Amino acid sequence: MALLQILAYPDARLRTRAQPVRQFDADLARLIDDMFETMYAARGIGLAATQVNVHLQVVAIDISGKGEAPEVFINPQIVARRRLGKVEESCLSVPGVSDFVKRHTVVRVHALDRAGAPVDREVDGMLAVCLGHEIDHLRGRLFVDHLGLVKRLWVRLRAARIGSARRASAPAAASPDATGIISRA
Ligand code: GNR
Ligand code: NI
């Protein structure tokens, strides 16, 4: 297993639209395992493949945050939605920022599981919100795109500051290799 590098806003690669998965093979299984490992290490409750620079429609979620409820959604489609709510969101690709976003809190999702078998589920609460957030990633959208202009400008300035501080202090040894993979010792 390997930790993957998570792209950070405003990286243009986060705007890529993910392609549907067509092959349920060992590469896909490895990607899913690496995504969970990366998500848990970063203390997130969800991760879209887009965030690790793999532009396939793969979403990993565990709203328990600690390995209790891992769920994979491949090629997910929301086919029904209801009950709009305002929920505070954060994103591993937009570190240090959280804000309230309008999302549906009950959604019906069609997807495939890691073996390629069809899934048809109605989910609610945090799982529904997280699924909306992750499906946005697969389409190149970030939660900050839902915020007002002033807040979005603030997020951009902040990201520029954090980015330049990181570049100034980042030791070369901590960088991922050309594949984007940070190997475990
Ligand atoms: O860890 C995460 N927390 C979170 C909180 C509220 C709504 C959505 C999320 S997803 C986020 C991890 C992430 O960036 N997934 O793309
Ligand atoms: Ni996110």
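Here the structure is a predicted model, which is why all the values come from computation and not from measurement.

> Please explain unusual backbone geometry as it appears in this structure.
The linkage connecting Tyr9 with the following residue, Pro10, adopts the cis geometry, with an omega of 5 degrees. Relative to the elements of secondary structure, Pro10 occurs in the loop between strand 1 (3-4) and helix 1 (26-41). Although it is not a glycine, Asn53 sits at a positive phi angle of roughly 65 degrees. For Asn53, the position within the fold is in the loop between strand 2 (46-48) and strand 3 (58-61). At Arg83, a residue that is not glycine, the phi angle is positive and equals roughly 55 degrees.

> Would you explain the side chain of Asp99 in this entry?
Residue position: Asp99 is located in strand 5 (residues 98-112). According to the relative accessible area criterion, Asp99 is buried, its value standing at 18%. Polar side-chain contacts of Asp99 include one of 3.1 Å to the side chain of Lys151. When sequence neighbours within four positions are dropped, the list of residues in contact with Asp99 reads Val87, Glu88, Glu89, Phe143, Leu147 and Lys151.

> I tried to follow the coordination of the nickel ion (ligand 2) on my own but got confused; where do I start?
Reference values for angles at a metal are 109.5 degrees in the four-donor tetrahedral case and 90 or 180 degrees in the six-donor octahedral case. At this site the nickel ion (ligand 2) is bound by Cys91 (SG), His133 (NE2) and His137 (NE2), with donor distances of 2.1 to 2.3 Å. Motif for the nickel ion (ligand 2), donor spacing along one chain: C-x41-H-x3-H. One end of the pair is His133 and the other is His137, both in helix 2 (residues 125-138) and four residues apart, which spans about a single turn. According to the relative accessible area criterion, His137 is buried, its value standing at 1%.

> Sorry if this is basic, but what is going on with the sheet that holds strand 2 here?
In a beta sheet, neighbouring strands pair by backbone hydrogen bonds and run either parallel or antiparallel. Taken in spatial order, the five strands line up as 2-3-4-5-6 in an open sheet, and their pairing is antiparallel. The open sheet is flanked by strand 2 and strand 6 (118-124), the only strands paired with a single partner. Between one strand and the next, the sheet's axes are offset by a mean angle of 30 degrees, whatever the strand orientation. The strands touched by helix 2 are strand 2, strand 3, strand 4 (71-90), strand 5 and strand 6; relative to strand 5, the strand with the most contacts, the crossing angle is about 90 degrees.

> For this particular structure, what's the right way to read helix 3 (residues 149-169)?
An α-helical turn contains 3.6 residues, so a residue and the one three or four places further along point in the same direction. A rise of 1.5 Å per residue sets the reference length of helix 3, with its 21 residues, at 30 Å; its end C-alpha atoms lie 30 Å apart and thus fit the reference within 8%. Taken together, the buried positions of helix 3 are Val155, Ala159 and Gly163. Angularly, the buried residues of helix 3 cover 70 degrees about the axis, an arc narrow enough to put them on a single face. Residues of helix 3 that are exposed and point over 90 degrees away from its buried face: Val150, Leu157, Arg161, Ala168 and Ser169.

> Could you clarify how one ought to interpret the confidence of the model for the protein in this entry?
Parts of the prediction with low pLDDT should not have their coordinates interpreted in detail. Of all residues in the protein, 91% attain a pLDDT of 70 or more, and the chain-wide mean is 92. Predicted confidence is poor over residues 173-180, with pLDDT under 50, and the contacts of this stretch with residues over four places away or in other chains come to five contacts.

> When you look at the site of ligand 1 in this model, what are you seeing that I'm missing?
Close to ligand 1 lie 13 residues, the nearest being Ile45, Gln51, Leu92, Glu134 and His137. Note that an oxygen atom of ligand 1 is positioned 2.8 Å from one of the backbone N or O atoms of Leu92. Contacts to ligand 1 include His133, whose side-chain N or O atom sits 3.1 Å from an oxygen atom. Calculation on ligand 1 without its partners gives an accessible area of 380 Å², and the protein chains cover 93% of this total. Secondary structure elements with two or more residues in the shell around ligand 1: strand 4 and helix 2.

What counts, and at which threshold
Residues numbered from 1 in each chain as written. Chains lettered and ligands numbered in written order. Predicted model: local features only at pLDDT ≥ 70, side-chain atom pairs only at ≥ 80, totals over all residues. Heavy atoms only, no water. Helix = DSSP H or I, 4+ residues; strand = E, 2+ residues; numbered from the N terminus. Buried < 20%, exposed > 50% of the residue type's maximum accessible area, 1.4 Å probe, protein only. Polar contact = N/O pair within 3.5 Å; in protein donor to acceptor, adjacent residues only side chain to side chain. Contact = heavy atoms within 4.5 Å. Donors = N, O, S within 2.8 Å, 3.2 Å for Na, K, Ca; no water. Pairing = 2+ DSSP bridges. Axes fitted to C-alpha atoms, helices over the stretch in contact; angles between N-to-C directions. Expected span 1.5 Å × (residues − 1). Arc of directions from axis to C-beta. pLDDT = per-residue confidence, 0-100. Near = heavy atom within 4 Å. Areas by Shrake-Rupley, 256 points an atom, 1.4 Å probe, with all protein chains shown as cover.

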